Amino acid sequence: MARSEEAGTTAGAPGIVVIGVGNEFRHDDGVGWAVIARLTEYRGAGRLPSGTVLETCDGDPGRLLGLWENAGLAIVLDAADAQPAVPGRVHRLALDSTHWGKAGATSSHGLGLGEAVELSRVLGRLPGRLVVYAVEGTDRSLGRGLSAPVAAQVDALVQSVADEIARYRTDTGRPSREDEP
């Protein structure tokens, strides 16, 4: 079944979906949501290709699978745990359909992202390319707002997402913007 522009494709071609994972009410765990909010402004200014889907998710594997199913490019933004932690440090993991293997959990939720990748692989419902940006946080207590080191990465992550989309479009032979001939 062909997916609609809202679900990630235009004219039957694999589309682009960007997913912010986390919980905006647990401080740094909301970094993915904060990036999606900024990307929404970016898209409103015409700086993302039309048809780019922006979503938020709590990390549920089934929901992630549904959001990125059959997308040409899926970009996931999430908080990460690391020991020792360096708050604000960004990790990038990129996989394409030729390099799928068993994934471990990479998110701060412990479960979710790794399981979603594995379930998608087993079911044959992976995106063509998956890029994960995970940001080490310092505060996951209840409350809103990011810590200073994590908040300082939001604009850089927005630019990284825009760059990923541009690379993908170049690699797939599409113009940098959908409305260009």
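One can find the structure itself at the top, above this paragraph.
Scope of this entry: the structure provided in the associated data block. Not measured: the values here are computed from a predicted model.

1. A closer look at the overall build of the protein
Next up, step 1: Scanning the protein from terminus to terminus reveals five helices and five strands.
Next up, step 2: What you see in the protein, going N to C, is helices and strands ordered as β-α-β-α-β-β-α-β-α-α.
Next up, step 3: Contacts in the protein between residues far apart in sequence, at least 24 positions, make up 78% of those at least 6 positions apart.
Next up, step 4: Only carbon and sulfur atoms are counted for the fraction: they give 53% of the accessible area of the protein, which is about 8600 Å².

2. Topic: the packing of helix α2 (residues 61-68) against helix α3 (residues 113-123)
Next up, step 1: Between α2 and α3, the least distance of the axes is 8 Å, while the angle of their chain directions is 55°. As judged from the angle between their axes, α2 and α3 are oblique. The way α2 lies across α3 gives a crossing that is right-handed. From α2, P61, L64, L65 and W68 reach across to α3, where they touch L113, E115, A116, V117, L119, S120 and L123.
Next up, step 2: The residue inventory of the contact of α2 with α3, partitioned by class, reads nine nonpolar, one polar and one charged.

3. A closer look at α3
Since there are 3.6 residues in each turn of an α-helix, residues three or four apart along the chain are aligned in direction.
Next up, step 1: Within α3, the full set of buried residues consists of L113, G114, A116, V117, E118 and S120.
Next up, step 2: Buried positions along α3 lie against α2, β3 (73-80) and β5 (129-136).
Next up, step 3: Positive backbone phi, at 70°, marks G124, one or two positions downstream of α3.

4. What to know about the nonpolar core
Next up, step 1: Residues V18, V31, V35, L39, I75, L77 and I165 are the most contacted members of the largest nonpolar core, which totals 24 residues.
Next up, step 2: Elements supplying a minimum of two residues to this core: β1 (16-21), α1 (31-44), β3, β5 and α5 (154-171).
Next up, step 3: By residue number, the principal contributor to this core is α5, which donates seven residues.
Next up, step 4: What I165 contacts, discounting residues up to four positions off in sequence, is I16, V18, L48, P49, T52, L73 and I75.
Next up, step 5: Ranked by size, the runner-up nonpolar core spans 16 residues in total, among them W68, A116, L130 and V132.

5. Focus on the pairing of β5
Next up, step 1: Extensive coverage of β5 is indicated by the burial of seven of its eight residues.
Next up, step 2: As paired elements, β3 and β5 share eight bridges and run parallel to each other. Each bridged residue has a counterpart across the sheet, and for V76 the counterpart in β5 is V132.

Parameters and conventions
Residues numbered from 1 in each chain as written. Predicted model: local features only at pLDDT ≥ 70, side-chain atom pairs only at ≥ 80, totals over all residues. Heavy atoms only, no water. Helix = DSSP H or I, 4+ residues; strand = E, 2+ residues; numbered from the N terminus. Contact = heavy atoms within 4.5 Å. Areas by Shrake-Rupley, 256 points an atom, 1.4 Å probe, with all protein chains shown as cover. Axes fitted to C-alpha atoms, helices over the stretch in contact; angles between N-to-C directions. Parallel < 35°, antiparallel > 145°, perpendicular 65-115°, else oblique. Left-handed = near helix turned anticlockwise from the far one by under 90°. Nonpolar A, V, L, I, M, F, W, Y, C, P; charged D, E, K, R; others polar. Buried < 20%, exposed > 50% of the residue type's maximum accessible area, 1.4 Å probe, protein only. Core = buried A, V, L, I, M, F, W, Y, C linked by side-chain atoms within 4.5 Å. Pairing = 2+ DSSP bridges.

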